[in-house]
Amino acid sequence: MRQLRWLAVLATVAMLWAQQPPGAVLQLVVRDAATTQPLSGATVRLQGTVLGGISRRDGTVRLERIPAGEYTLVVSMVGYRVWQRTLRLQAGDTVRLLVELEPQPVGLVPIVVTAAKRAQTLQEAPVSISAVELAPVLERSYSKLDEVLRTIPGVTVNRDHVSIRGTSGFALGVGSRTLLLLDGIPLLSGDSGEMKFDALPLMAAERIEVLKGAASALYGTAALGGVINVITREPSEQPQGAFRLYGGLYGTPRFEQWQLGQRGFWGADLSYAQRLGPIALLSSATVVRDESYRLDDDSFRWQLFAKLTWRVSPPTALTVLLQHADDDHGNWLYWRSLQEATRPGNEDSPQRVRSWKSLLAAEWRQFWSSRLSSTLRAGAYRTEFRNRLPGAPDTLPSSVAYSLSAEWQWGWQWQPNILLSAGIHGIGNVVEASIYGERRQWLLAAYAQAELGMLRPLGVTVGARLDRERMQGAAEHFELNPRLGIVYASWFGPQFRFALGRAFRAPTVAERFAQLRTAGFVVRPNPQLKAERGWSAELGAADTVRLAGKPWAVDVAVFHSDLFDLIEPGFGEGAAIQFRNVTRARIQGVELNATGWVGPSLRANQPGTLRCELALTLLNPRDLSANSMLKYRSRWLGIARAALPLGFGEFHLEYRYQSRVERIDEEFSTLGFIRHADQRVPIHVVELRWTLEGMALVGLPVQLSLGMRNAFDYYYTEVPGNLAPPRQFVLQLSGGW
Amino acid sequence: MLLLVLLLLAGCGGLDPTVLPTEAYITGTVRFRGAWPPEDSLRDLRVVAFQNYPPQDVVGEVLSGKALFTQERLPLFVDSASYQLRIEQLPVTLRYIVVAQQYGPDLFRHWRVVGIYGCPPPADTACQPDSLQVQEAGRWYRADIEVDFEHLPPQPFP
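Residues numbered from 1 in each chain as written. Chains lettered and ligands numbered in written order. Predicted model: local features only at pLDDT ≥ 70, side-chain atom pairs only at ≥ 80, totals over all residues. Heavy atoms only, no water.

K.L.:
Report on the pattern of salt bridges, specifying residues and quantitative values.
P.N.:
Two side chains bearing opposite charge may form a pair once their charged atoms approach each other closely. Applying the stated criterion across every chain yields a total of 65 salt bridges over all chains. For E654(A), the salt bridge is made with R140(A), and the minimal N-O distance between the two is 2.8 Å. Linking E654(A) in strand β38 (residues 649-658) with R140(A) in the loop between α2 (134-138) and α3 (145-149), this pair joins segments that are 514 residues apart in sequence. For the pair E654(A) and R140(A), one class covers both residues: buried. The residue R33(B) makes a salt bridge to E146(B) at a minimum N-O spacing of 2.5 Å. Of this pair, R33(B) sits in strand β1 (residues 24-33) while E146(B) sits in strand β10 (residues 145-148), and the two are 113 residues apart along the sequence. Classification of E146(B) by relative accessible area gives partly exposed; the value is 31%. Connected via shared salt-bridge partners are R165(A), K212(A), R497(A), E538(A), D555(A) and E591(A). (Salt bridge = Lys/Arg side-chain N within 4 Å of Asp/Glu carboxyl O. Helix = DSSP H or I, 4+ residues; strand = E, 2+ residues; numbered from the N terminus. Buried < 20%, exposed > 50% of the residue type's maximum accessible area, 1.4 Å probe, protein only.)

K.L.:
Can you break down the state of the cysteines residue by residue, with the values?
P.N.:
Residue and element names in this part refer to chain B. Applying the stated criterion across every chain, the model contains one disulfide over all chains. Note that C119 is cross-linked by a disulfide to C127, the S-S spacing being 1.9 Å. Handedness here is read from the sign of the S-S torsion; for C119 and C127, about -100°, the answer is left-handed. Each member of the pair, C119 as well as C127, is classed as buried. (Disulfide = S-S within 2.5 Å.)

K.L.:
Can you tell me about the sheet that holds strand β6 (residues 83-89) of chain A, naming the residues and giving the values?
P.N.:
Residues and elements named next belong to chain A. With respect to topology, four strands assemble into an open sheet ordered β3-β2-β5-β6, the strand pairing being antiparallel. In this open sheet, the two strands that pair with only one neighbour each are β3 (52-54) and β6. Averaged over all pairs of adjacent strands, the angle between their axes in this sheet comes to 15°, without regard to strand direction. Where strand β5 (residues 69-76) meets β6, seven bridges bridge the pair, whose relative direction is antiparallel. By the bridge assignment, Y71 is partnered in β6 with L87. (Pairing = 2+ DSSP bridges. Axes fitted to C-alpha atoms, helices over the stretch in contact; angles between N-to-C directions.)

K.L.:
Describe a nonpolar patch on the surface, naming the residues involved and giving the relevant values.
P.N.:
All names here are of chain A. On the surface, a nonpolar cluster with roughly 1000 Å² of combined accessible area is contributed by L245, L646, F648, F651, W690, L697, V698, L700, L704, L706, L731 and L733. For the nonpolar patch, the elements supplying multiple residues, two or more each, are β40 (702-709) and β41 (728-736). Residue placement: L706 occurs in strand β40. On the basis of relative accessibility, which here comes to 36%, the residue L706 falls in the partly exposed class. (Patch = residues over 30% accessible without salt bridge, like charges linked within 9 Å, V, L, I, M, F, W, Y side chains within 5 Å. Areas by Shrake-Rupley, 256 points an atom, 1.4 Å probe, with all protein chains shown as cover.)

K.L.:
Which residues make up the layout of surface pockets, and what are the values?
P.N.:
Of the voids in this model, the second largest pocket is the one considered here, and its volume is about 690 Å³. Of all the elements in the fold, those that place two or more residues in the lining of the second largest pocket are β33 (550-571), β34 (577-598) and α6 (667-670) of chain A together with β1 and β4 (80-87) of chain B. Classifying every residue of the lining of the second largest pocket by side-chain character gives seven nonpolar, 10 polar and 12 charged. (1 Å grid on protein atoms, 1.4 Å probe; cavity = no way out; pocket = protein on both sides within 12 Å on 5 of 7 lines; lining within 4 Å. Points joined across faces, edges and corners; volume = space filled by probe spheres on them. Nonpolar A, V, L, I, M, F, W, Y, C, P; charged D, E, K, R; others polar.)

K.L.:
Let's hear about the side chain of R663(A): which residues, and what values?
P.N.:
All names here are of chain A. Checked against the element boundaries, R663 lands in the loop between β38 and α6. Judged by its relative accessible area of 11%, R663 is buried. Within the structure, R663 has its side chain in polar contact with the side chain of S628 (distance 2.6 Å). In contact with R663, not counting residues within four places along its chain, are D623, A626, S628, M629, L630, K631, Y632 and R680. (Polar contact = N/O pair within 3.5 Å; in protein donor to acceptor, adjacent residues only side chain to side chain. Contact = heavy atoms within 4.5 Å.)

Structural data, given as structure tokens:
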């Protein structure tokens with residue numbers, strides 16, 4: 001009976017599609033302007049509609065059933081300048097176009113969506129955005145978001161905390177100051193406001209956008225330090241399947257005290273994507289087993305993801321996201337001592353932690369006309385964790401939380417050079433936990449933004465968002481977060497940008513109500529917590545300069561943040577931990593990025609050229625309350641990356657540097673929780689990788705990758721009492737069709 | 001070339017369990033209350049830790065290394081300041097940890113105690129300073145001190 005119902009739905013969909021007027025047809029061939037080779041994977045879209053496609057292996061794209069009208073056709077691809085043209089189409093027309101994309105410095109993602117909640121070129125965004133294409137990253141056997149984030153300039157990861165330009169420290173995994181989104185849907189847990197790194201479907205992702213700076217004027221709570229938006233792929237008409245199998249071994253530590261015998265890890269991923277008429281499906285599955293280089297720290301996890309898009313009509317599309325992730329891991333918290341850095345020091349380490357993360361979300365996108373559009377977005381993100389000990393009574397910490405989100409966003413091209421956006425947004429966190437109690441937290445917001453282009457080449461963005469937060473047992477409050485952004489395309493070359501914005505983060509349920517005793521720590525509630533607030537400003541410039549005859553993209557940004565009432569865990573009476581509004585902070589810094597290549601070729605991916613990327617961030621994160629550096633921050637961050645194409649593959653090298661963290665919570669040591677808690681050094685991590693292209697060697701669409709992470713077996717910590725992974729040897733086979 | 005240099009750098013150092021720390025640290029926050037004295041009387045301001053209480057010969061203990069003091073002057077005209085003291089000779093018991101102010105030009109004579117660990121202001125002569133037993137290398141020990149320039153504690157200096 002159920003199958004019959006599904007068949008009826010599909011038949012209705014097919015009939016609706018068949019009944020639509022024939023419209024126009026657009027046939028494109030996309031190729032490289034320098035080499036005239038066809039380009040596969042270019043994104044083609046008609047602005048103001050949901051129509052679009054991805055170029056095939058031969059560079060062709062075909063868009064059908066386009067209603068008569070005037071459109072802006074946009075073609076974009078990583079490593080090329082955006083191509084745009086206005087077209088007037090009549091019903092029955094068949095228009096053929098040759099699109100030649102001009103190369104630009106390697107690695108630059110041309111279109112971003114996070115800065116303004118709409119697609120725009122990177123140059124239009126008045127804030128710093130690092131956009132990372134996922135395909136090259138997945139060659140590195142990464143399976144969790146944090147592994148990818150460590151490779152992004154200005155971003156550090158302190159165990160569960162992502163810090164953009166020094167805004168976050170280490171707070172036991174609670175209260176992220178960076179908002180995480182999956183295709184625009186918030187993905188922070190409802191209880192602790194935490195990122196669950198293993199919940200993201202990296203295999204289905206196209207890119208990750210990292211917006212740096214205050215962004216509450218559009219996104220509300222948690223966007224104090226920035227926003228991370230994971231964007232999934234758009235399927236093309238050609239079926240696209242991909243697989244990845246990898247395995248690796250942890251190297252034996254140089255020091256006998258740390259050796260535990262041979263340990264390793266393996267993982268497997270599968271993804272499939274295809275568009276069939278109005279229906280597009282993207283799906284992925286992941287399984288990972290990690291024995292870990294530390295005792296009681298092993299894990300097994302799996303994940304399923306599906307995205308279904310139905311183009312109901314040219315101006316209308318419905319997208320549904322489904323995701324589930326399951327994780328079982330050891331309860332490792334910190335080491336026994338530096339001498340026994342691979343053995344746990346917390347007495348409850350024999351416990352295991354099981355966690356589940358599920359997302360159901362939908363997006364209804366409607367173009368009412370070529371100037372008016374709306375997007376209705378709703379999601380329910382469920383997170384659950386349970387500590388367990390075989391044979392022990394069921395009284396260990398556990399929590400079930402739902403984070404519900406609904407947003408209705410409107411975009412109106414009022415004048416040719418004035419774009420207005422507005423929306424209403426509601427967030428509800430529903431928590432039932434042994435350690436937090438039964439809690440409800442509600443945030444309601446309205447926002448508006450105007451993008452003004454009357455003074456071109458000057459572009460101005462102004463906007464504001466008003467949030468109201470209510471939670472049982474806590475005071476209700478309002479937060480007004482304005483924003484100003486300016487971009488200026490100068491006549492002499494560089495593109496300048498300026499951004500000023502206010503942001504806030506409402507305390508999470510965990511910060512206000514956590515009450516537990518675990519791993520020797522006692523945590524006490526503090527319902528009186530206020531929201532964290534902050535202002536941030538940035539002045540940036542981007543340009544393409546010629547070095548040794550090759551174009552290099554150079555970007556420099558100077559930034560300043562003033563933060564108030566920062567919530568930090570502190571040790572109080574009886575050595576109990578309590579979250580408090582204690583810190584007034586100021587973070588200033590400079591970030592420099594340069595991307596380009598050296599060598600004789602005109603193209604970056606030709607044999608003999610050396611593709612390079614350099615990024616350097618200098619931070620001065622001051623705790624003004626204590627007149628000292630903020631805890632868990634480094635003053636210098638650096639990344640140097642190089643790739644050398646060899647004809648049948650590529651050799652990659654990456655070096656990541658973080659200067660020594662100057663301050664930690666001394667109480668870990670003074671109260672005797674963690675032995676040698678203060679043992680920390682600068683971070684120097686080198687990764688080497690050699691990829692072999694099966695097509696060039698054996699005529700098969702596969703790739704073999706041999707990698708060595710932390711190649712120099714450098715021993716360091718990111719947070720107290722946690723030795724980072726030693727050298728690892730990784731072998732990966734991946735492919736697609 | 002730059003990458004080669006970085007590679008060489010990466011091969012150096014790192015944590016080493018065979019080189020265990022031999023020193024310990026005292027850390028804490030100095031909280032200031034009351035009106036600050038004029039800037040020309042704040043020639044120096046440091047945390048000093050003595051093994052004896054009361055110190056027999058303040059200047060002599062400092063010069064002989066029996067008393068420890070912070071390497072830099074504490075910041076002035078602030079609400080609070082954090083400090084660190086590195087202790088290499090272990091174990092040791094520090095019986096008198098103070099914030100000391102140099103108020104005049106004479107480096108050996110113009111000092112006064114403005115805050116004592118274990119004697120929050122207003123402290124009288126009956127107050128017994130807290131002792132700190134520093135025994136374990138690699139460990140941090142906590143000693144917060146309160147200073148009220150308008151209610152100075154009893155002075156050990158002649």
